[in-house]
Amino acid sequence: MASSSGNDDDLTIPRAAINKMIKETLPNVRVANDARELVVNCCTEFIHLISSEANEICNKSEKKTISPEHVINALESLGFASYITEVKDVLQECKTVALKRRKASSRLENLGIPEEELLRQQQELFAKARQQQAELAQQEWLQMQQDAQQAQLAAASAIVGLQACSSQDEDEEDDM
């Protein structure tokens, strides 16, 4: 498990990732927890070994960044040449995925519409939306006004009706 001590020996691959790989690779096999722990430790050691060797090769070639070629050379110098073909295939696959992502992110540039025109269209859409919102608010306000007028008319009618009843009652009292 990774700790904050900064010691390289404490760095490991997340167990969940290893468990997922084990489950995908061996779906019908149960693997004991200590075996899983051993796989995590072996993976961590393998990565540390390859990256250290790749770093040395990088330094010897007076580069500051480890490149895929440095990793491939490290595999070969450590006796893992049998993995190189598969590593190159995976590298090509990664480059293809990265290229697709870059193409997808540049869709905006590929529209063929200048940025100024897109900005103008966006502002036009915002203006339309504000106009629609204002019209809706005005309709709601008019509806509230009409409702208030109807309530006033109803209240006035009720008052007139009460006054009429009250006058009749007074007239009846006077007659008695």
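See the structure printed just above.
Values in this document were obtained by computation on a predicted structure and should not be read as measured data.

Colleague: Explain the overall build of the chain to me, please; I cannot follow it from the model alone.
Modeller: A tally of helices and strands in the chain yields six helices and zero strands. Across the 176 residues in the chain, those meeting the buried criterion constitute 10%. Excluding contacts between residues fewer than 6 apart, the proportion of contacts in the chain whose partners are at least 24 apart in sequence is 32%. Element-wise, carbon and sulfur atoms account for 55% of the exposed surface of the chain, whose accessible area totals about 14900 Å².

Colleague: Quick question: what am I supposed to make of helix 2 (residues 33-60) here?
Modeller: The α-helix advances 3.6 residues per turn, and as a result positions three or four apart in sequence lie on the same side. Look at helix 2: 41 Å from first C-alpha to last across 28 residues, which is about the 40 Å you get at 1.5 Å a residue. Along helix 2, the positions that sit buried rather than exposed are Val40, Thr44, Ile50, Glu53, Ala54, Ile57 and Cys58. Elements that come into contact with the buried residues of helix 2 comprise helix 1 (15-25) and helix 3 (68-77). Positioned one or two residues after helix 2, Glu62 has a phi angle of 55 degrees, which is positive.

Colleague: Just checking my understanding: could you explain the packing of helix 2 against helix 3 for this structure?
Modeller: Packed helix pairs are characterised by how far apart their axes lie and by the angle those axes make with each other. Interaxial distance between helix 2 and helix 3 falls to 8 Å at its minimum, and their mutual angle equals 110 degrees. If you check the angle between helix 2 and helix 3, you find them roughly perpendicular. In this structure, the crossing between helix 2 and helix 3 has a hand that is right-handed. Counted together, Phe46, Ile50, Glu53, Ala54, Ile57 and Cys58 of helix 2 and His70, Val71, Asn73, Ala74, Leu75 and Ser77 of helix 3 form the full contact between these two elements. For the contact of helix 2 with helix 3, the residue count by class is eight nonpolar, three polar and one charged.

Colleague: Looking at this model, I keep getting lost on the pattern of salt bridges. Mind explaining?
Modeller: Close approach of charged atoms lets side chains of opposite charge pair. All chains considered together, the criterion is met by three salt bridges. Between Arg120 and Glu124 there is a salt bridge, with the nearest N and O atoms lying 2.7 Å from each other. Here Glu124 and Arg120 lie together in helix 6 (residues 115-175), a separation of four residues that amounts to about one turn. A relative accessible area of 41% places Arg120 in the partly exposed class.

Colleague: Teacher, can you tell me more about a nonpolar patch on the surface here?
Modeller: On the surface, Trp141, Leu142 and Met144 cluster together to form a nonpolar patch covering roughly 340 Å² of accessible area. Among the secondary structure elements, Trp141 is positioned in helix 6. On the basis of relative accessible area, Trp141 is assigned to the partly exposed category, the value being 48%.

Colleague: It is not clear to me how the packing of aromatic side chains should be interpreted in this structure. Could you clarify?
Modeller: Between two aromatic rings, the relevant description is the distance of the centres plus the angle of the planes. Counted by the stated rule, this structure contains two aromatic pairs. Where Phe46 meets Phe80, the ring centres are 5.1 Å apart and the plane angle is 85 degrees; that geometry is what we call edge-to-face. Of the two residues, Phe46 is situated in helix 2 and Phe80 in the loop between helix 3 and helix 4 (84-105); the sequence distance between them amounts to 34 residues. Residue Phe46 is classed as partly exposed on the basis of its relative accessible area of 34%. The partly exposed category is assigned to Phe80, whose relative accessible area is 21%. On the basis of an interplanar angle of 45 degrees and a centroid distance of 5.9 Å, the ring pair of Phe80 and Tyr83 is categorised as tilted. When its relative accessible area of 42% is taken as the criterion, Tyr83 is described as partly exposed.

Rules and cut-offs
- Here the residue numbering is sequential within each chain, running from 1 through the sequence in written order.
- Two thresholds apply to this predicted model, a pLDDT of at least 70 for residue-level local features and 80 or more for giving and counting side-chain atom pairs, whereas whole-chain, interface and lining totals are computed over all residues.
- Side-chain numbers come from the whole structure's heavy atoms, not from hydrogens or water.
- Each helix corresponds to a stretch of at least 4 residues labelled H or I by DSSP, and each strand to a stretch of at least 2 residues labelled E; elements are numbered beginning at the N terminus.
- Only protein chains enter the area calculation, which uses a 1.4 Å probe; residues under 20% of their type maximum are buried, those over 50% are exposed, and those in between are partly exposed.
- In this analysis, two residues are considered to be in contact whenever any of their non-hydrogen atoms come within 4.5 Å of each other.
- Every accessible area reported is derived by Shrake-Rupley at a probe size of 1.4 Å, with residue values counting cover from the shown protein chains alone.
- Helices are assigned an expected span. That span is 1.5 Å times one less than the residue count.
- With axes taken as lines fitted to C-alpha atoms, and helix axes fitted only over the stretch in contact, angles between N-to-C directions fall between 0 and 180 degrees.
- Working rule for angles: under 35 degrees goes down as roughly parallel, over 145 as roughly antiparallel, 65 to 115 as roughly perpendicular, anything else as oblique.
- Each crossing is labelled by how the near helix is turned from the far one, with a counterclockwise turn of less than a right angle marking it left-handed and a clockwise turn marking it right-handed.
- Only Asp, Glu, Lys and Arg are considered charged, only Ala, Val, Leu, Ile, Met, Phe, Trp, Tyr, Cys and Pro nonpolar, and every remaining residue, Gly among them, polar.
- The rule for a salt bridge is simple: a side-chain nitrogen of Lys or Arg has to be within 4 Å of a carboxyl oxygen of Asp or Glu.
- Patch membership requires over 30% relative accessible area and the absence of a salt bridge. Like charges are linked within 9 Å, and nonpolar side chains (Val, Leu, Ile, Met, Phe, Trp, Tyr) within 5 Å.
- What counts as a ring pair is set by centres within 6.5 Å for rings of Phe, Tyr and Trp (its six-membered ring), and what kind of pair is set by the plane angle: stacked under 30 degrees, edge-to-face over 60, tilted for all other angles.

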